Amino acid sequence: MKIYYDINSFKQVSNAVVTIGTFDGVHLGHQEILKKIVFRAKETGGESVVVTFYPHPRQVLNNDSNIRFISTQEEKIQHLEALGIDNLIIINFTKEFAGISSENFIKNYIVKNIHPAVLITGYDHHFGNNRQGDFDMLNELGKQYHFKVEKIEEQDIENVAISSTKIRHFLKNGDILHANKLLGHQFSYTGKVVHGQGVGHKMGYPTANIEVGDEFKLIEKPGVYATFVDFDGKSYPAMTYIGTRPTLHDNRPQSIETYIISFDKNLYNEKIKIRFVDFVRDDKKFDNFEALKRQIDNDKQTIINILNKIL
C-alpha cells in the first residue's frame, strides 16, 4: 500500500475507485465500503484509493482533549493494508481545511488530484464545511465532474447498527464481545513493554507493562481480560489487567499489564500487540496480598478455559 501525507503528491492512477472517511476502528461497516472499492478497482483494472484525515476532525473542531479513539493512526494503516487497499492519502486536518466547502473539497482535492472513476460512500457520510456534503450532493458533483457515485447501505449485526460510537460505548463498559462483533476483529493495544515495579513477578505472575504511546487511544473499562499477545510472529494466550492496582497502591496511574501464560522470554523494550477476547471481572480492592493472589490464580484458570475454546 502506498501512503501519501500530501494529496498534491499523489501519483494519479487510471480508474481510481475512491472512498473518503475517518474510519475509526475500521469496523465491519467500514469494511463493506473498503472491500467494495477493492473489488470495483480490480473489476475495472484500476486502483483503490482511501482518503482519510489526521488529526481526527473532532479533535480539531471540538477541541476536546477527552476524546478517545478505537484505533491509533498506526493501527488504522495496518487494517487498511490488510484489506488490500492500494493507496492511502492522509490529509492534515486543520481549522482552515475544515472551512472548505463540500463542492470545493471534491473539485479542488478529489477531482483535481485523483480524477476518480468511481466514488463509494457510506449511507450517512457527510463532508465539507459544516458537513453539508452528502450522497445527493456527490451524485450531482459526479455528473458535473464525470465520476460514478455508489452508496453502501447501513450494516448491522443482530439488529444492532454498526458504528464507531456504539463500539466505543461497548469498550468503555467492558462489553468486549459485542465490541469485537461490530469491529469484525479483536480490539487491541500495540505498544512497547516498559519496566514496572516487579510486583507481579513476586506473586509468580511476571507482567509486561505496556506503553501505548498515543494519548487519544481509548482505554477499556478497568478489570481483567482474556487476551492473546502477538510477538515475533506468534500468538500467546495471556491475562491482561487494566487499572490502578488498588490493593497495592493508592492513586496510582492506570496501567495496562499482561501476563503471558507459559512464556519466559524477556520482552523489555519490545513491541507487542494485545488482542482482547473477553472480559473476566471488574477491578477491585482486596483485603490483603494473599487474597489478591488467590483471585489471580482463579482468573488464570478462567482465562485458560475461555481461550482453549477458541484455540
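Quick look at the structure, then. (Residues numbered from 1 in each chain as written. Predicted model: local features only at pLDDT ≥ 70, side-chain atom pairs only at ≥ 80, totals over all residues. Heavy atoms only, no water.)

1. A look at the side chain of Ser164
At step 1: Here Ser164 is to be found in helix H7 (residues 164-172).
At step 2: Under the relative-accessibility criterion, Ser164 is labelled buried at 12%.
At step 3: Ignoring any residue separated from it by four or fewer positions in sequence, one finds Ser164 in contact with Asp24, His27, His30 and Ile70. (Helix = DSSP H or I, 4+ residues; strand = E, 2+ residues; numbered from the N terminus. Buried < 20%, exposed > 50% of the residue type's maximum accessible area, 1.4 Å probe, protein only. Contact = heavy atoms within 4.5 Å.)

2. Side note on unusual backbone geometry
At step 1: Here the residue pair Tyr54 and Pro55 is connected by a cis peptide bond, since its omega of 0° sits within 30 degrees of zero.
At step 2: Along the polypeptide, Pro55 turns up in the loop between strand S3 (47-54) and helix H2 (57-61).
At step 3: A positive phi angle is found at Ser262, which is not glycine, with a value near 55°.
At step 4: Since its relative accessible area comes to 70%, Ser262 is described here as exposed.

3. Quick notes on helix H5 (residues 102-114)
At step 1: Here H5 has its buried residues at Ser102, Phe105, Ile106, Ile110, Val111, Asn113 and Ile114.
At step 2: Against the buried residues of H5 lie strand S2 (16-20), S3, strand S4 (87-92), helix H4 (95-98), strand S5 (116-122) and helix H6 (135-145).

4. Some points on the nonpolar core
At step 1: With 30 residues, the main nonpolar core has Ile20, Val51, Ile89, Phe105, Ile106 and Ile114 as its most contacted residues.
At step 2: Listing elements by their share of this core, those giving two or more residues are S2, S3, S4, H4, H5 and H6.
At step 3: Sorting elements by how many residues they give to this core places H5 first, with 5 residues.
At step 4: Beyond its immediate chain neighbours, meaning those up to four positions away, Ile89 contacts Tyr4, Ile7, Phe10, Val49, Val50, Val51, Thr52 and Ile114.
At step 5: Listed in part, the 29 residues of the second largest apolar core include Ala179, Leu183, Tyr189 and Ile210. (Core = buried A, V, L, I, M, F, W, Y, C linked by side-chain atoms within 4.5 Å.)

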